[in-house]
Amino acid sequence: MKSHKKILSLNRTIVAMMLFGYCTLMILLVCMDCFLIYGYQESRRLKKEQAVDYYVQKTLDGMDKIRKVLYDVYMNDEDFERLSQNLSEAQKYSHAWELRESLKGNMLVDGGLHGFYIFYGNGTYPLYQINNGQVTPEQGSRLCTALQQLGNRQETVFRNWFCVTMDESVFLVISYKKGAVTVYGIRNIGDAGRVIEADAQRDTQICLVDNGTALLNKDLAEKFDIVSRISAAEGKTDYVSSENHIYGEEIGNTSLWVCAVYKNAFQDYMNIPQIFLLILTACSVVLAFAVYLFLKKNLMMPLEGLRDEMDKIRRDQVKNVPIMDLRFTELREMNETLQEMVTKLEHQRVLTYDAYIEKQKARMQYLQIQMQPHFYLNGLKTLNALVLEKQTGKVQTLLISLSEHLRYLLQVENEMTALRQELDFTENYVNLRNQMTGRTIQFLIEAALGTENCMVPMLTIQTFVENSIKYAKTGSNNIALIIKARVSVLSTEEGDYLDIIVSDNGQGYPQEVLKEINKEPKVGTKCVGIQNLKRRCQILYGAKAEFAFCNKDGAVSECILPGIQEERQDESINCG
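Only a predicted model underlies this, so the values are computations on that prediction, with no experimental measurement involved.

A. Geometry of the overall build of the protein chain. The helix and strand inventory of the protein chain stands at 15 helices and 17 strands. The buried share among the 576 residues of the protein chain stands at 42%. Put simply, of all contacts in the protein chain between residues at least 6 apart along the chain, 62% involve residues at least 24 apart. Summed over all atoms, the accessible surface of the protein chain reaches about 33,000 Å², with 54% contributed by carbon and sulfur.

What follows is the structure in structure tokens.
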């Protein structure tokens, strides 16, 4: 049962499998690289954002505690209530002192309250307490003056948070007022940069913006156009450029924004394991290319070489397989086995060829001998007549010519002869016919210079001349039969050819004979001599020898032989 499996090329299959496997591995590695790097970058981004979020939430928690403390004072504290009444200066101071001590206790309990200020007597008399860890005495004094001035101008919006800026410090302030007394709670947010930088674990620049005005790091806000970004955002802003990451968040219940500016660093994009994975991916490309070159040199190219050698063996173009420098044992064994097979095959071919040559020689000898008998009888009859007439001189001449003729024919071991020898033999043959018949025969030769040593099959020209005499014998004996043999060289792209043309002035070939001799040669047909010559040329030249026969003012016979060779003892060369 015939198999329907698709035939594959081993080299192409190896390359395709390598490409498929490597591409699959590369896709997995690239996907893993992208996933890990993206996850790492996202975690770094979240960490920076969380630092700001944490600070804002911490600030909101502190603000809420301050608001609760002050609200409790506003609603429940008796000292705060009495300060709003019409009392003496001493009484007011006493109640203000008690309120201050109460708030001081709250501030000690909760670190979210960085300081408080009490203004009574319509803002004339201040008392305050500050956390020295968050507010310096100088800042506390200046802040007292700033709040007193705000109160006098009645610019304070009570129970709402607002900002007070001094140098590089920004304070969030909330106030509660009842009658002639006002209490302020403050929280210093000027430490935002230090706190966020500690949480983000990287260098950080902080910009504080309130109501479209940069309060801290104004140059930074202008450089990165932070105010415009905030005005277009709601609650949060997040912007990443090639060099910086800007993240800002609005503090609830205020118009204050905390914006952090981080300068992008290499570690923001990937860490050491990810770099190692990228290097591994790049190395895999080099490794895959090296593996491909190794397999191409040691597997695919040797396989291709073995295939070419087998193709040459198939086309009979090689008689010995070269020993290849192969690295793989299996390929070495294939090379050695192929060489051994070719050696045995060549030995068998030599034996077969020798047997074929012997058979062809025997056939050639038979074909040559086949042409001899019909001429000998005429020669013997002519000798007998001359002897009876006692024409001793003519007998001697005829015997010499006949012996020359026989000597040439008896070279049955030779298939080829030099052109000059074939022409001499043919000329001797014509002389014999002149002696044996009453008709005059002239034999003219036109041979191109340098062709006399060219090798031709024996009896080539003689066969054509014999047929000219045979088919011109019906002419008058008073008219000489002129036979011309012209030999020339034809040069083509495939090489030089020897062109032999024999023509006469006789009646030409009969039409049935022309039709027969222009066909492929067959045994048992007319014109045995020509048919034998064509079969011998088939043996010697294959399909390369060509014959043509026609009538043109007599019979014209043409033979074109390939591979012109000169007669040499040691070598053959082209002539012409």
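B. Representation of the sheet that holds strand β17 (residues 555-562) in the model. An order of β12-β14-β15-β17-β16 is seen for the 5 strands of this open sheet, with the pairing classed as mixed. Two strands in the sheet have a free side with no partner beyond their single neighbour: β12 (441-447) and β16 (546-551). Direction aside, neighbouring strands of the sheet carry axes that sit 15° apart on average. With 7 bridges joining them, strand β15 (residues 495-504) and β17 adopt antiparallel strand pairing. Paired with Ile501 across the two strands is Glu558, which belongs to β17. The sheet strands contacting helix α12 (residues 419-436) are β12 and β14 (481-492), and the helix crosses β12 at an angle near 170°. Its contacts with the sheet put helix α13 (residues 460-471) on β12, β14, β15, β16 and β17, and the angle it makes with β15 is roughly 20°.

C. Local environment of the packing of α13 against helix α15 (residues 528-541). Where α13 meets α15, the closest approach of the two axes is 9 Å, and the angle between their N-to-C directions is 155°. The pairing of α13 with α15 is recorded here as roughly antiparallel in orientation. Viewed along their axes, α13 and α15 form a crossing whose handedness is left-handed. For the pair formed by α13 and α15, the contact residues are Thr460, Thr463, Phe464 and Asn467 on the first element and Gly529, Ile530 and Leu533 on the second.

D. Main features of the pairing of strand β3 (residues 162-166). Burial of β3 is extensive: 4 of the 5 residues sit out of reach of the surface. Where β3 lies against strand β4 (residues 169-178), 5 bridges are found, and the strand directions are antiparallel. When the bridges of β4 are listed, Thr165 appears paired with Val170.

E. Main features of the packing of helix α1 (residues 10-76) against helix α8 (residues 272-314). Relative orientation of the contacting elements α1 and α8 amounts to 180°, with a least axis distance of 10 Å. Of the possible angle classes, the one that applies to α1 and α8 is roughly antiparallel. Among the residues making up the contact of α1 with α8, the classes are represented as 21 nonpolar, 4 polar and 2 charged.

F. The arrangement of the sheet that holds strand β7 (residues 213-216) in detail. Across the sheet, which stays open at both edges, the 5 strands sit in the order β7-β6-β10-β9-β8 with antiparallel pairing between neighbours. Sheet topology places β7 and β8 (236-240) at the edges, where each strand pairs with a single neighbour. Across the sheet, the axes of successive neighbouring strands diverge by a mean angle of 20°, strand direction being ignored. The sheet contact formed by strand β6 (residues 204-210) and β7 spans 3 bridges and is antiparallel. Bridge pairing in β7 places Leu208 opposite Leu216. Across the sheet, α1 lies against β8, β9 (244-250) and β10 (256-263), angled at about 30° from β9, the strand it touches most. With respect to the sheet, helix α5 (residues 192-200) is in contact with β6 and β10, its orientation differing from that of β6 by roughly 135°.

Thresholds, definitions, all that
Residues numbered from 1 in each chain as written. Predicted model: local features only at pLDDT ≥ 70, side-chain atom pairs only at ≥ 80, totals over all residues. Heavy atoms only, no water. Helix = DSSP H or I, 4+ residues; strand = E, 2+ residues; numbered from the N terminus. Buried < 20%, exposed > 50% of the residue type's maximum accessible area, 1.4 Å probe, protein only. Contact = heavy atoms within 4.5 Å. Areas by Shrake-Rupley, 256 points an atom, 1.4 Å probe, with all protein chains shown as cover. Pairing = 2+ DSSP bridges. Axes fitted to C-alpha atoms, helices over the stretch in contact; angles between N-to-C directions. Parallel < 35°, antiparallel > 145°, perpendicular 65-115°, else oblique. Left-handed = near helix turned anticlockwise from the far one by under 90°. Nonpolar A, V, L, I, M, F, W, Y, C, P; charged D, E, K, R; others polar.

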